[in-house]
Amino acid sequence: MTGFSFTADASAEFSTSSQITGRAYAPTDYAPTPTILTTAISDMETAYADASQRANTKGSNIEGGNIGGMTLTTGVYTFTTDINIGSDITFSGGADDVFILQTTGTLMQSASTKVLLAGGAQAKNIFWQVAGDVWVGPNAVMQGVLL
């Protein structure tokens, strides 16, 4: 990730930033952070592999990958194109509903756009399985787990 300004915590085990919610970790932080990061990377690789193997339930390449303005419901969406979010997008579902967006391309979110949640949908249940780069524009609000 680039474009962030971080401030190390007094413990030097993590950093904070006004540009993110929560903590940021780096392999150069003090122990036990490097070991925790190794585990986190392994877990991310497992999640990426699992998400990539999920069967499509919602159609392929919807709107040619231009999903801005859409409301998506629970399921697995597959793209062999880039995914472009050019305007706000909404994920609508219950608190336990899972959304998986798989792409062999890149994920690009335009500046000042928002990923919105409706009906109790939760960011922790949205998985963006992206083979290429991820680009989130200035002042954009991204929600979900980027893999």
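Please read all numbers here as calculations on a predicted model, not as lab measurements.

Any chance you could explain the overall build of the protein here in plain terms?
Of regular secondary structure, the protein possesses 1 helix and 12 strands. Across the protein, helices and strands are ordered from the amino to the carboxyl terminus as β-β-α-β-β-β-β-β-β-β-β-β-β. A globule of 147 residues ought to have a C-alpha radius of gyration of about 15 Å, and the protein, at 16 Å, matches this closely. Overall, the protein is about 45 × 30 × 30 Å in size when its C-alpha atoms are taken along their principal axes. Taken across its 147 residues, the protein has 30% of its residues classed as buried. Sequence separation of 24 or more characterises 48% of the internal contacts of the protein that already satisfy a separation of 6 or more. When the accessible surface of the protein is totalled, it reaches about 8200 Å², and 54% of it is carbon and sulfur.

Whenever I open this one, the sheet that holds strand β12 (residues 145-146) confuses me. Can you help?
The strands that make up a sheet are held in pairs by hydrogen bonds between backbone atoms, and each pair lies either parallel or antiparallel. The strand order across the open sheet formed by 4 strands is β4-β7-β10-β12, and the pairing between neighbours is parallel. Taken across any chain shown, the strands that pair with only one partner, and hence form the sheet edges, are β4 (75-79) and β12.

Can you walk me through the nonpolar core in this structure?
The nonpolar side chains of soluble globular proteins are, as a tendency, buried together. Formed by 17 residues in total, the largest nonpolar core has its most connected members in Ile-67, Leu-72, Phe-91, Leu-101 and Trp-128. In terms of residue count, strand β10 (residues 126-130) provides more of this core than any other element does, 3 residues in total. Not counting residues up to four positions away in its chain, the partners in contact with Ile-67 are Ile-62, Leu-72, Phe-79, Ile-83, Asn-84, Ile-85, Ile-89, Leu-101 and Trp-128.

How do you make sense of the pairing of strand β7 (residues 99-103) when you look at a structure like this?
Here is the key point about a regular strand: its side chains alternate between the two faces of the sheet. Where burial is concerned, most of β7 is hidden: 5 out of the 5 residues are buried. Summarising the sheet, β4 and β7 pair through 5 bridges and their orientation is parallel. Each bridged residue has a counterpart across the sheet, and for Val-76 the counterpart in β7 is Ile-100. The pairing of β7 with β10 spans 5 bridges and is classified as parallel. Paired with Leu-101 across the two strands is Trp-128, which belongs to β10.

Explain the sheet that holds strand β8 (residues 107-109) to me, please; I cannot follow it from the model alone.
In space, the 3 strands of this open sheet follow the order β5-β8-β11, with parallel pairing throughout. If you trace the sheet from one side to the other, it starts and ends with β5 (83-85) and β11 (134-136), each paired once. Pairwise comparison of adjacent strand axes, ignoring direction, gives a mean angle of 5° for this sheet. The sheet contact formed by β8 and β11 spans 3 bridges and is parallel. Residue Met-108 lies in a different strand from β11, and its bridge partner there is Trp-135.

Scoring rules and cut-offs
- Residues numbered from 1 in each chain as written.
- Predicted model: local features only at pLDDT ≥ 70, side-chain atom pairs only at ≥ 80, totals over all residues.
- Heavy atoms only, no water.
- Helix = DSSP H or I, 4+ residues; strand = E, 2+ residues; numbered from the N terminus.
- Rg over C-alpha atoms; globule rule 2.2 N^0.38 Å.
- Buried < 20%, exposed > 50% of the residue type's maximum accessible area, 1.4 Å probe, protein only.
- Contact = heavy atoms within 4.5 Å.
- Areas by Shrake-Rupley, 256 points an atom, 1.4 Å probe, with all protein chains shown as cover.
- Pairing = 2+ DSSP bridges.
- Core = buried A, V, L, I, M, F, W, Y, C linked by side-chain atoms within 4.5 Å.
- Axes fitted to C-alpha atoms, helices over the stretch in contact; angles between N-to-C directions.

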